[in-house]
Protein chains: 2
Amino acid sequence: MSIKIGILGYGNLGRGVECAVKKNPDMELVAVFTRREPEKLSVLAGTAAVCHVSEADDWKDKIDVMILCGGSATDLPEQSPAFARLFNIVDSFDTHARIPEHFANVDAAAKEAGKIGIISVGWDPGMFSLNRMYASAILPDGKDYTFWGKGVSQGHSDAIRRIEGVENARQYTVPVEAALEAVREGKNPELSTREKHTRECFVVLKEGADAERVEREIKTMPNYFADYDTTVHFISEEELQREHSGIPHGGFVIRSGKTGWEGENSHLMEYRLKLDSNPEFTACVIVAYARAAYRLSKEGMAGAKTVFDIPPAYLSAKSAEELRASML
Amino acid sequence: MSIKIGILGYGNLGRGVECAVKKNPDMELVAVFTRREPEKLSVLAGTAAVCHVSEADDWKDKIDVMILCGGSATDLPEQSPAFARLFNIVDSFDTHARIPEHFANVDAAAKEAGKIGIISVGWDPGMFSLNRMYASAILPDGKDYTFWGKGVSQGHSDAIRRIEGVENARQYTVPVEAALEAVREGKNPELSTREKHTRECFVVLKEGADAERVEREIKTMPNYFADYDTTVHFISEEELQREHSGIPHGGFVIRSGKTGWEGENSHLMEYRLKLDSNPEFTACVIVAYARAAYRLSKEGMAGAKTVFDIPPAYLSAKSAEELRASML
C-alpha cells in the first residue's frame, strides 16, 4: 500500500514534488489542488486528479500527506494551520524570523485534529539547519559559517525587475572563494556581509532605458545590494533565456572547532550542496519528510515537527534492519 | 543537574571522551574504569574517580551514561551487552559486517534491564552513515561514494610493524583527487579500490634490515596493500615522532543524483570531515549521543539504538524552542 500524496499549489515547487514522488515507488500522487481553474491546469502525472482548492475537504480520507507548495510571505501562514486541521502536512516555510510563530500555529491546529505538521522542510531551512545543529552539538567549542550559492535569488531578481527601464533580470548570489578558504583553514575569521558573498546581475533593458542609471539604482539599493560588491551585465532577452533560464542554487555549511584538554586540535565539518534545480531538490527533501509524516501519524503522534525532531530512519524507504545492515 | 558520565577504558578514545565532557557544561565525568591497576592510572580530570572495572556494579546508580571506549575486535562484543545490563551505554563498535549481530545482543540486554544502548557512534560508522542515509532518502535516483583520508590507519600501521625488520611505521590512507573530482562533476564513475585511494607508508627500519625486501613485503601484502598504489618512505624514528605522531583522519561522503520528470537535473550532496585527531572527534560525537541516551532513558525508552533512530534535537544542549529560533 503506497503513501497517498496531495499537492497544494502547482508552481515550480509543486511540479518538483510531482517529479520527486515519481522517484519513490512507495508513494503515489493522487491529487493536485489549485486556486486556478482546474480544467486549465495540465499536470505531468496523468493519473492524478486536478481539483480546485475548495474541494480539499472531500479528500480528507483519501490523502495521507498534503504537501503545501505555496509561498512563505502570505500563503503558508494561512494554509499550513488550515490544512493541518484536515491532513498531515509538510511545508517549506522559510521566513526564519517567523518560524517560532508559524510552529505554534501549526502545532495547535495539528494537535486538535490529531495530525502531523512538519514545517520548514527543504535545504535552508532544512538540510542546512540539520548540519548546523549536528555540527554545533558535536563541536561545542567552534564557529558556524553558512555560505549560499552560486545560485539564483528570486527575491533579488524580482527587486531588479521593479526598477524603471528593466525588462528582465536574473541575479546570482556567489560565495567569496577567499572567505570559504579562510574558514576551511580553521582561521575562524569574522566576516562582514560584503566579505562573504558577491552579487552578479544579468539585466535586459527596455528600449531607450538609461543603463548607467539602472546600474546605479541596482548597486545602491538598500538591503538587497548596497552592502555587497555587485556586478551588473546588460544582455539581450535571448541570451538571458539561453544562458540563465535554470534555477541552480546550493551552498556550504561549515563548522570549525577545537578539541583536546587545551583545545590543541582543530576539526572541520563541511556540508555542501550543488543543485541544478533549487525547487526540484527542495521537493525531494519535502517528499522524504512526507514519508516521515505518514509514519509518525500511523504511530498516533500529532502536532508540529521540524527536521530536528524526526529520527533520520523515518525518511528512508528502507527498514531499520536494512539501514543497519547496508548503510551504518 | 548535570549528566553523570562514566568511561570504560582509558586509551586514546577514553582520553578524548574526557576532553569532550569538559567542553559540555551540562555533563560531568564521575568515574573512569580500567582493567589496569587504578592506582597507576592518572587521569586529566582531577575530580573523577579511577576504579577497577570489577567495581562497576557499585556505580549503577551514580552514572547516567557509561561510555565504552574498548576495541571492536574483542572488547565491545562482550562489554556492550554486559554493561547495558547495568547502565545506559554508548559504544563506537565499527566492524560494519557484525553490526546486526551486535545490535541484537545489545538490544536484548538493554531491554531486559530497561536501559538505552546506542551502538556504532563516531564518524564512520556514525556521521558518515547519517549522511549516506539522508542523501539516499532525498535523492533515491543516485549513487553514493565514501572516500577516507587523508588519515592514519592504525590497522595498516600495525600490519607494517609486524613485518620482520620494521621498528616502527605510520600509514596514511589518501583519497585520489581525480576520482573525487569525477564524482563531484556528477560523472557517476565506477571506481575500483585502486582508483579511490592510495596508501602512503612511513617506515623506520631496524638496524641492518633489508629495505628492498620490506618495501616488497608491504606492497604485496594481501588485503592491506596489494590492491592499492602504495608508496613507502624510509625515515628515522626521530622524523617519525616529529612529523607523524598525530592521528589525523577524515574523508568525504558524496551522493550525486538526478531529479526532474526525465532526470534532466543533477545534484551533488557532499559531507566532508577534516580531523586533527580521529579519537578526539569520535569522542565528541559519542558524548553528544550520550546526551541523547540520557534523555531517551529519562523518557522511559529502552533497547539498542543507532544514529538512524535518534531525533537530531536530542544531541543538542539547547531546548527545542532555542533550536527552532536560532538554528532552523
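Residues numbered from 1 in each chain as written. Chains lettered and ligands numbered in written order. Predicted model: local features only at pLDDT ≥ 70, side-chain atom pairs only at ≥ 80, totals over all residues. Heavy atoms only, no water.

Comments concerning the overall build of chain A
Part 1: The number of helices and strands found in chain A is eleven helices and 14 strands.
Part 2: For 328 residues, the compact-globule estimate of 2.2 N^0.38 gives 20 Å, and chain A sits close to it at 22 Å.
Part 3: With respect to the three principal axes, the spread of C-alpha positions in chain A is 65 × 60 × 35 Å.
Part 4: Among the 328 residues that make up chain A, the fraction classed as buried is 58%.
Part 5: The contacts in chain A between residues at least 6 apart in sequence include a share of 68% that link residues at least 24 apart.
Part 6: Carbon together with sulfur atoms contributes 46% to the accessible area of chain A, which is approximately 13,400 Å² in total. (Helix = DSSP H or I, 4+ residues; strand = E, 2+ residues; numbered from the N terminus. Rg over C-alpha atoms; globule rule 2.2 N^0.38 Å. Buried < 20%, exposed > 50% of the residue type's maximum accessible area, 1.4 Å probe, protein only. Contact = heavy atoms within 4.5 Å. Areas by Shrake-Rupley, 256 points an atom, 1.4 Å probe, with all protein chains shown as cover.)

So, the nonpolar core
Part 1: Counting residues in hydrophobic clusters, the biggest one holds 168 residues, and the most contacted among them are A:Tyr289 and B:Tyr289.
Part 2: Apart from residues lying up to four places away in sequence, B:Tyr289 is in contact with A:Tyr134, B:Val90, B:Ile118, B:Val121, B:Leu130, B:Val307, B:Ile310 and B:Leu315. (Core = buried A, V, L, I, M, F, W, Y, C linked by side-chain atoms within 4.5 Å.)

Side note on a negative patch on the surface
Part 1: Side chains of A:Glu39, A:Glu55, A:Asp57 and A:Asp58 sit close together on the surface and give a patch of like negative charge.
Part 2: As for its placement among the helices and strands, A:Glu39 is situated in the loop between β2 (27-34) and β3 (49-52). (Patch = residues over 30% accessible without salt bridge, like charges linked within 9 Å, V, L, I, M, F, W, Y side chains within 5 Å. Salt bridge = Lys/Arg side-chain N within 4 Å of Asp/Glu carboxyl O. Lys, Arg positive; Asp, Glu negative; His and termini not counted. Charge placed at Lys NZ, Arg CZ, Asp CG, Glu CD.)

Side note on the relation of the copies chain B and chain A
For the pair of chain copies, the relating transformation is a rotation about an axis with a translation along it.
Part 1: Rotating chain B by 180° about the axis while translating it 0.0 Å along that axis superimposes it on chain A, leaving an RMSD of 0.0 Å. With respect to symmetry, the two chain copies, as superposed, fit the operation of a two-fold axis.
Part 2: Same-surface contact between copies: 100% of interface residues of chain B are shared with the interface of chain A. (Least-squares fit on C-alpha atoms with pLDDT ≥ 70 in both.)

Points about the interface of chain B and chain A
Part 1: Across the boundary between the two partners, chain B contributes 67 residues, which contact 67 residues of chain A.
Part 2: Together chain B and chain A conceal approximately 6,200 Å² of surface at their shared face, both sides included; 65% is due to carbon and sulfur atoms.
Part 3: For the pair chain B and chain A, the number of links is two salt bridges.
Part 4: Put simply, B:Lys23 and A:Asp141 hold a salt bridge, and the shortest N to O gap is 2.6 Å.
Part 5: For the interface between chain B and chain A, the tally reads 27 residue pairs in polar contact (both at pLDDT 80 or more).
Part 6: Elements supplying a minimum of two residues to the side of chain B that touches chain A: α1 (12-22), α3 (99-113), α4 (127-138), β12 (249-259), β13 (265-275), α10 (278-298) and α11 (320-326) of chain B.
Part 7: Per-element accounting of the side of chain B that touches chain A gives the leading share, eleven residues, to β13(B).
Part 8: Among the residues forming the side of chain B that touches chain A, the class breakdown is 37 nonpolar, 15 polar and 15 charged.
Part 9: In this sheet, β13(B) lies alongside strand β13 (residues 265-275) of chain A in antiparallel orientation, the contact comprising nine bridges. (Buried area = accessible area lost by both parts, 1.4 Å probe. Polar contact = N/O pair within 3.5 Å; in protein donor to acceptor, adjacent residues only side chain to side chain. Nonpolar A, V, L, I, M, F, W, Y, C, P; charged D, E, K, R; others polar. Pairing = 2+ DSSP bridges.)

A word on the sheet that holds strand β12 (residues 249-259) of chain A
Part 1: Taken in spatial order, the six strands make up an open sheet running β7(A)-β12(A)-β13(A)-β13(B)-β12(B)-β7(B), and their pairing is antiparallel. The outermost strands of the open sheet, each flanked by one partner alone, are β7 (142-148) of chain A together with β7 (142-148) of chain B. If you compare each strand with its neighbour and ignore which way they point, the axes differ by 10° on average.
Part 2: Two strands pair when backbone bridges link them, and β7(A) and β12(A) are joined in this way by seven bridges, in the antiparallel orientation. (Axes fitted to C-alpha atoms, helices over the stretch in contact; angles between N-to-C directions.)

Some words on unusual backbone geometry
Part 1: Of note, the amide linkage connecting A:Gly149 to A:Lys150 takes the cis form, showing an omega dihedral of 0°.
Part 2: You can see A:Lys150 is positioned in the loop between β7 and β8 (151-152).
Part 3: Residue B:Asp124 is joined to B:Pro125 through a cis peptide bond whose omega torsion reads 5°.
Part 4: Backbone geometry at A:Asn223 places phi at a positive 65°, although glycine is not the residue there.
Part 5: Relative to the helices and strands, A:Asn223 is located in the loop between α8 (211-219) and β11 (229-234).

Brief notes about the pairing of strand β1 (residues 3-8) of chain B
Within a regular beta strand, the side chains point alternately toward one face of the sheet and then the other, so they alternate between its two faces.
Residue and element names in this part refer to chain B.
Part 1: Across the six residues that make up β1, a large majority, five, are buried.
Part 2: Across six bridges, the pairing between β1 and strand β2 (residues 27-34) is parallel. Along β2, the bridge assignment pairs Leu-8 with Phe-33.
Part 3: Relative to strand β4 (residues 65-68), β1 runs parallel, the two being bridged by four bridges. Among the inter-strand pairings, Gly-6 is bridged to a residue of β4, identified as Met-66.

Concerning the packing of aromatic side chains
Part 1: Within this structure, the stated rule accounts for eleven aromatic pairs over all chains.
Part 2: Geometrically, the ring pair formed by A:Phe83 and A:Phe87 is stacked, given 6.4 Å between the ring centres and 15° between the ring planes. Across the pair, A:Phe87 and A:Phe83 agree in class, each one buried.
Part 3: Ring plane angle 85° and centroid distance 6.0 Å describe the contact between B:Phe33 and B:Trp59, whose orientation is recorded as edge-to-face. Taken as a pair, B:Phe33 in strand β2 and B:Trp59 in the loop between β3 (49-52) and β4 lie far apart in primary sequence, 26 residues in all. (Phe/Tyr/Trp six-rings, centres within 6.5 Å; stacked < 30°, edge-to-face > 60°.)

Thoughts on the packing of helix α4 (residues 127-138) of chain A against α4(B)
Part 1: For the pair α4(A) and α4(B), interaxial distance at closest approach is 13 Å and the crossing angle is 170°. Judged on the interaxial angle alone, α4(B) and α4(A) are roughly antiparallel. Between α4(A) and α4(B), the contacting residues are A:Met127, A:Leu130, A:Asn131, A:Tyr134 and A:Ile138 on the first element and B:Met127, B:Leu130, B:Asn131, B:Tyr134 and B:Ile138 on the second.
Part 2: Of the residues contributing to the contact of α4(A) with α4(B), the split by class is eight nonpolar, two polar and no charged. (Parallel < 35°, antiparallel > 145°, perpendicular 65-115°, else oblique.)

Brief notes about the pattern of salt bridges
Part 1: Inspection of every chain in the model, using the stated rule, returns 36 salt bridges over all chains.
Part 2: Of the charged contacts, one joins B:Arg291 and B:Asp26 as a salt bridge, the two residues approaching to 2.7 Å between their closest N and O atoms. Separated by 265 residues along the polypeptide, B:Arg291 in helix α10 and B:Asp26 in the loop between α1 and β2 bring together distant segments of the chain.
Part 3: We classify B:Asp26 as partly exposed; its relative accessible area is 24%.
Part 4: B:Glu321 is paired through a salt bridge with B:Arg324; the nearest N and O atoms lie 3.9 Å apart. You can see B:Glu321 and its partner B:Arg324 sitting in helix α11, three residues apart, about one turn around the helix.
Part 5: Shared partners join several salt bridges into a network, and the residues in it are A:Glu181, A:Arg184 and A:Glu270.

Topic: helix α2 (residues 75-84) of chain B
Residues and elements named next belong to chain B.
Part 1: For α2, the tally of buried residues reaches seven of ten residues, placing the bulk of the element in the interior.
Part 2: If you check which residues of α2 are buried, you get Asp-75, Leu-76, Gln-79, Ser-80, Pro-81, Phe-83 and Ala-84.
Part 3: Contact partners of the buried residues in α2: β1, β4, β5 (88-90) and α3.

Thoughts on the side chain of B:Glu270
Part 1: Among the structural elements, B:Glu270 can be located in strand β13.
Part 2: One polar contact links B:Glu270 to B:Arg184, side chain to side chain, over a distance of 2.7 Å.
Part 3: Each residue touching B:Glu270, except ones within four places of it in the same chain, is listed here: A:Glu270, A:Tyr271, A:Arg272, B:Arg184, B:Phe252, B:Val253 and B:Ile254.

Points about the environment of B:Asn223
Part 1: What makes B:Asn223 exposed here is its relative accessible area of 66%.
Part 2: Distance in space between the C-alpha atoms of B:Asn223 and B:Tyr294 is 40 Å, their sequence separation being 71 residues.

A word on α4(B)
Residues and elements named next belong to chain B.
Part 1: Over its twelve residues, α4 runs 16 Å from end to end, which matches the ideal 16 Å to within 8%, given 1.5 Å per residue.
Part 2: The element α4 is extensively covered by neighbouring structure, given that twelve of its twelve residues are classed as buried.
Part 3: The complete set of buried residues in α4 reads Met-127, Phe-128, Ser-129, Leu-130, Asn-131, Arg-132, Met-133, Tyr-134, Ala-135, Ser-136, Ala-137 and Ile-138. (Expected span 1.5 Å × (residues − 1).)

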